[in-house]
Amino acid sequence: MSFKVSRAGAIEELNQFIENNLLEYSKLRNFDFGPQKRNNTSCLSPYVTHGLVSEIEIINKSLKKFSFVKNEKFIQEVLWRVYWKGWLELRPNVWTDYLRELKNIKENFKNNKDYLNAIGGKTNIECFNEWVKELKKFNYLHNHTRMWFASIWIFTLNLPWQLGAEFFMKYLFDGDAASNTLGWRWVAGIQTLGKNYLATEWNIKKFTNNRFQNIKINEEAAPKITEKKYSIIEKIFTNPDLLKDKTLLVFDNNLSMELTDFKNYDFKKILIISNTNETRQIQLSENTMNFKALLINDQLKRLKEKSIIAEVINISHLKNIKEPVYALYPTVGENLDYLQLNQLKNIDYLYREIDQFSWQFCNKGFFNFKNHIPKIVTRFN
Ligand SMILES: Cc1cc2nc3c(=O)[nH]c(=O)nc-3n(C[C@H](O)[C@H](O)[C@H](O)COP(=O)(O)OP(=O)(O)OC[C@H]3O[C@@H](n4cnc5c(N)ncnc54)[C@H](O)[C@@H]3O)c2cc1C
């Protein structure tokens, strides 16, 4: 499997999936048939994470093919991402606490044999070792496999979830602060308190189509415990009145600026912000950094084709910009951290309409959010 590095490529994948595989999605989505047979899920997450295609675009295209009822499962999955992002926006300390804990744990585990064996794919669990190789080679893992992987990491290898989440972020092309951190917390049992996800041998065998056998893992561990409680912050996601002749910053979560709610606006110029490992707290793999660089170049090319003045700059150069600018909101994660740590106060954030509307439903669990999905879909269809 390989991922395209342009919006055109992403759209091609989206169309193919909707045309050929969406019909059987809910029946087959939980199967991981291996990296050479990935058409039972959309594999769109690296594109959605970088804003090459938007959740609305995907949902609306799918609704042109099938009714909401036929499509409900797929739409729910696409909106899980919006939910996780909103959940974290309302509780940003979950992310900052995660990074702080990670820093301490990393120091203590840097020479830990079990940890080094796990990230080297040298444990005595064959399927786990295969997934480590697969993640490093293809920069993607199937959703069910991410759940098994995290469960084995936490409950069989007894390693801290924070290190596992870092390992995923390093290699995944779709690495995302919200979906990844909250996905790991969920498996550990600290997201839905007291409910952990335990991988089992029969489940792995069945949903890998018997590709793996004889899997000795801990199927009975208790959920992890946390003392921390996070209350919801008061934050309003409103857009300022737009003024002409201002610069717009675009981060790597919104690399289709010309398709956003602000596409028709007359910005002075667009600065596409590239964030390198020097300014990141989690170091990304070379493949992941290259993938991001290619997507950034594709965005630049598309803007230039539309005769929009645009350039790519390193995030550290933002400190030199003193004039007021707009930025497509980078969401909780490394880019926003950089802006906050460096106290860059001349930035007015622009929020996507789907986020503005949907994040109000992220104050409780996903089952509550799910009740609002028809409303969200109708509003943006
Ligand atoms: C421990 C763990 C870590 C994860 N880390 C990430 C991450 O860093 N980035 C990321 O995008 N997803 C993450 N996920 C969610 C999920 O595994 C991927 O989004 C999914 O595997 C992507 O494959 P796909 O595009 O074929 O999904 P499909 O099944 O085709 O779903 C369509 C789209 O819906 C969204 N989606 C589907 N499932 C989920 C989900 N459970 N949570 C959030 N969005 C979802 C994705 O945008 C996806 O592209 C994680 C899940 C777990 C359990």
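Now for a look at the structure at hand. (Residues numbered from 1 in each chain as written. Predicted model: local features only at pLDDT ≥ 70, side-chain atom pairs only at ≥ 80, totals over all residues. Heavy atoms only, no water.)

**Concerning the overall build of the protein chain**
Counting its secondary structure elements, the protein chain contains 17 helices and 5 strands. Each principal axis of the C-alpha atoms in the protein chain carries an extent, and together these give about 65 × 50 × 35 Å. Counting every position in the protein chain, which comprises 381 residues, the buried fraction comes to 56%. Pairs at least 24 residues apart make up 70% of the contacts formed inside the protein chain by residues separated by at least 6 positions. Just so you have it, the protein chain exposes about 18,000 Å², and 49% of that area is on carbon and sulfur atoms. The average position of the 54 basic charges and that of the 42 acidic charges among the side chains of the protein chain differ by 2 Å. (Helix = DSSP H or I, 4+ residues; strand = E, 2+ residues; numbered from the N terminus. Buried < 20%, exposed > 50% of the residue type's maximum accessible area, 1.4 Å probe, protein only. Contact = heavy atoms within 4.5 Å. Areas by Shrake-Rupley, 256 points an atom, 1.4 Å probe, with all protein chains shown as cover. Lys, Arg positive; Asp, Glu negative; His and termini not counted. Charge placed at Lys NZ, Arg CZ, Asp CG, Glu CD.)

**Quick word on the packing of aromatic side chains**
Applying the stated rule across the entire model yields 41 aromatic pairs. Taking the centre distance of 5.0 Å and the plane angle of 80° together, the rings of Tyr25 and Phe74 count as edge-to-face. Residue Tyr25 is found in helix α2 (residues 25-28), and its partner Phe74 is found in helix α5 (residues 68-90); the two are separated by 49 residues along the sequence. For the ring pair Phe149 and Phe167, a centre distance of 6.2 Å and an interplane angle of 20° mean the geometry is stacked. Remark: Phe167 occurs in helix α10 (residues 161-171) and Phe149 occurs in helix α9 (residues 143-156); sequence separation between them is 18 residues. (Phe/Tyr/Trp six-rings, centres within 6.5 Å; stacked < 30°, edge-to-face > 60°.)

**A look at the site of the ligand**
The local shell around the ligand holds 27 residues, among which Tyr25, Thr41, Ser42, Cys43 and Asn143 are the closest. Measuring from an oxygen atom of the ligand, one finds a backbone N or O atom of Leu44 at 3.0 Å. Contact between the ligand and Glu77: an oxygen atom at 3.1 Å from a main-chain N or O atom of the residue. Surface burial for the ligand is 95%, taken as the share of its 820 Å² of free accessible area covered by protein chains. Elements represented by at least two residues in the shell around the ligand include exactly α3 (45-49), α5, α9 and α11 (177-188). Top contributing element to the shell around the ligand by residue count: α5, with 6 residues. (Near = heavy atom within 4 Å. Polar contact = N/O pair within 3.5 Å; in protein donor to acceptor, adjacent residues only side chain to side chain.)

**Notes on the pattern of salt bridges**
Pairing is possible between side chains of opposite charge, provided their charged atoms come close. In the structure shown here, the tally under the stated rule is 27 salt bridges. Ionic pairing is found between Arg81 and Glu55, a salt bridge with its closest N-O pair at 2.9 Å. Of this pair, Arg81 sits in helix α5 while Glu55 is found in helix α4 (residues 55-65), placing the two residues 26 residues apart along the sequence. A single burial state applies to Arg81 and to Glu55, both of which are buried. (Salt bridge = Lys/Arg side-chain N within 4 Å of Asp/Glu carboxyl O.)

**Looking at α11**
When the terminal C-alpha atoms of α11 are compared, their 16 Å separation across 12 residues agrees well with the 16 Å that a helix rising 1.5 Å per residue should span. Among the 12 residues of α11, 9 are classified as buried, and the element is accordingly described as predominantly covered. Buried residues of α11: Ala177, Ala178, Asn180, Thr181, Leu182, Trp184, Arg185, Val187 and Ala188, and no others. Looking at the buried residues of α11, the elements they touch are α5, α6 (93-109), α9 and α10. In the segment just after α11, Gly189 is the residue with positive phi, at about 100°. (Expected span 1.5 Å × (residues − 1).)

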